[in-house]
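Survey of secondary and tertiary structure
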Amino acid sequence: MVTMDLSGKVALVTGGSRGIGRAICLRLARAGAAVAVNHHGTDAEGVVEAIEGGGGRAVAMRADVARKDEVETMVRATVDAFGGLDILVNNAGICPFHNFLDMPEDLWDRVQAVNLKGAFLCSQAAARVMVEQGRGGRIISISSISALVGGGEQTHYTPTKAGIHSLMQSLAIVLGPHGITCNSVMPGTIATDINREDLAEPGKRAYMERRIPLGRIGEPDDIAGPVVFLASDAARYVNGAGLLVDGGLFVNLQ
Ligand code: NAD
Ligand code: RM4
């Protein structure tokens, strides 16, 4: 029987302390997974408590995803805490809106390091564990509608989101033979801390709401369901795909 039950599975979610990552942690836990909640700069105690309060299992994992040593320690600690690793969600990401002509090189470098190199480091460390375990696995990366369209103040960011999707396509080939599926989820505009200031610009929120056929900006939980689906047995033959979750924004061109 096809099921979205994740009982007995272990998940690691990067940037799980708030926003989309937090919603993913809560939904994975509700589906039965034990969840390692990665955090950096903010703490994850609220998410861990919410999961444990609902009868689930969770542990906080501090690490900067751009640091190989910290990522490897985090993956080892997840395996030590829960006895394995079945699902990796590459969610951590930054988007410090900036114009192009005076984009500082170090800002470009940091966005690449967190968003794209972070997904590479976490995927490699997690895949090594999954291959060794020999029971398959799931790697799900939070790409973006920005993999498909540009953004005037996101010239450092959109290439990382296209790159993350491309990384999942290549990993689908490398890891498929091990029963590990690799896919990306491409959110449209979801109201979180990452775009709080951008959406507060005069007229911006109303403009986006008019552009989205479903009539509203997304909320973090709108992304969590598709991630649980991709993590589950129901998606066992989905590999190398990009799932756009944008309320219809992308197709609304005319
Ligand atoms: P957010 O700012 O609320 O969350 C980002 C998370 O990443 C935070 O938990 C933060 O602590 C974590 N993080 C940042 N740098 C990190 C690092 N070096 N190591 C570990 N964790 C780090 O924003 P969000 O909207 O929830 O973003 C989550 C993901 O969704 C990002 O990858 C973002 O690009 C993507 N996304 C967001 C939207 C949107 O409209 N909000 C749309 C498409 C894609
Ligand atoms: C997303 C997408 C959203 C934007 C965030 C910051 O990938 O571009 O529209 O608000 O990034």
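These notes cover the structure that comes with them. Within each chain, residues carry numbers counting from 1 in the order of the written sequence. As a convention, the first chain written is A and the first ligand written is 1, with the rest following in written order. Per-residue local features are limited, in this predicted model, to residues with pLDDT of at least 70; the limit for side-chain atom pairs, both in listing and counting, is 80 or more; totals at the level of whole chains, interfaces and linings are taken over all residues. With hydrogens and water set aside, each side-chain value is computed from the structure's full complement of heavy atoms.

Moving on to the pattern of salt bridges. Throughout this description, the term salt bridge denotes a Lys or Arg side-chain nitrogen within 4 Å of a carboxyl oxygen of Asp or Glu. Inspection of the entire model under this criterion finds 14 salt bridges. The partner of Glu72 in a salt bridge is Arg128, and the shortest N-O contact between them spans 4.0 Å. Placement of the pair is Glu72 in helix α3 (residues 68–82) and Arg128 in helix α4 (residues 105–133), with a sequence separation of 56 residues. Relative accessible area serves as the criterion here: at 27%, Glu72 is assigned to the partly exposed category. Per-residue accessibility, obtained with a 1.4 Å probe over protein chains only, is compared with the maximum for each type, and a residue is labelled buried under 20%, exposed over 50%, and partly exposed between these values. A relative accessible area of 48% means that Arg128 is categorised as partly exposed. Strands are runs of DSSP state E lasting at least two residues, helices are runs of H or I lasting at least four, and both sets are numbered from the N terminus onward.

Looking now at the environment of Val111. Turning to its location among the elements, Val111 is positioned in helix α4. For the pair Val111 and Thr158, spaced 47 residues apart in the sequence, the C-alpha separation amounts to 10.0 Å. In this view, Val111 contacts Ile94, Pro96, Leu116, His156, Tyr157 and Thr160; residues no more than four positions away in its chain are not counted. In what follows, a contact means two residues having at least one pair of non-hydrogen atoms within 4.5 Å.

Another point: the site of ligand 1. What surrounds ligand 1 is a group of 30 residues, the closest being Arg18, Ile20, Asn91, Tyr157 and Thr192. In the model, an oxygen atom of ligand 1 is placed 2.8 Å from a nitrogen or oxygen of the Ile20 main chain. Using a 1.4 Å probe, the Shrake-Rupley method yields the accessible areas, and only the shown protein chains count as cover for residues. Notes on ligand 1: free accessible area 810 Å², of which the protein chains cover 96%. Using protein atoms alone on a 1 Å grid, points that fit a 1.4 Å probe yet trap it form a cavity, whereas open point sets bounded by protein on both sides within 12 Å along at least five of seven lines form a pocket; residues with an atom within 4 Å of a point count as lining. Cavity and pocket membership follows a simple rule, namely that a molecule belongs there if more than half of its atoms are within 2 Å of the grid points. Of the pockets mapped on this structure, ligand 1 occupies the largest pocket. Put simply, the parts of the chain that give the shell around ligand 1 at least two residues each are α1 (19–30) and α4. Whether a residue is near a molecule or strand depends on its heavy atoms: it is near if one of them lies within 4 Å of it. Side-chain atoms alone can form a polar contact between residues adjacent in sequence; in general such a contact is a pair of N or O atoms within 3.5 Å, and within protein one must be able to donate a hydrogen while the other accepts it.

What follows is about the packing of α1 against helix α8 (residues 220–231). One can describe the packing of α1 onto α8 by two numbers: an axis separation of 8 Å at closest approach and a directional angle of 50°. For the element pair α1 / α8, the angle class is oblique. The handedness of the crossing between α1 and α8 comes out as right-handed. Side by side, α1 and α8 meet where Gly19, Ile20, Ala23, Ile24, Arg27 and Leu28 of the first sit next to Pro220, Asp221, Ile223, Ala224, Val227, Val228 and Ala231 of the second. Ten residues, namely Ala, Val, Leu, Ile, Met, Phe, Trp, Tyr, Cys and Pro, are considered nonpolar, four, namely Asp, Glu, Lys and Arg, are considered charged, and the remaining ones, Gly among them, are considered polar. Residue composition of the contact of α1 with α8, grouped by class: 10 nonpolar, 1 polar and 2 charged. As a rule, the C-alpha atoms of each element are fitted with a line to give its axis, helices using only the stretch in contact, and angles between N-to-C directions run from 0 to 180 degrees. Each angle gets one of four labels, with under 35 degrees taken as roughly parallel, over 145 as roughly antiparallel, 65 to 115 as roughly perpendicular, and the rest as oblique. In this scheme the handedness of a crossing depends on how the near helix is turned from the far one: anticlockwise by less than a right angle means left-handed, clockwise means right-handed.

With that settled, consider the site of ligand 2. Near ligand 2 the following residues occur: Phe97, Ser144, Ser146, Gln154, Tyr157, Gly188, Thr189, Ile194 and Asn195. Separating an oxygen atom of ligand 2 from a side-chain N or O atom of Ser146 is a distance of 2.6 Å. The separation between an oxygen atom of ligand 2 and a polar side-chain atom of Asn195 is 3.0 Å. Burial of ligand 2 by the protein chains amounts to 87% of its free accessible area of 290 Å². When each cavity is represented as a set of grid points, ligand 2 is found to reside in the largest pocket. In the shell around ligand 2, the residues fall into 3 nonpolar, 6 polar and no charged.

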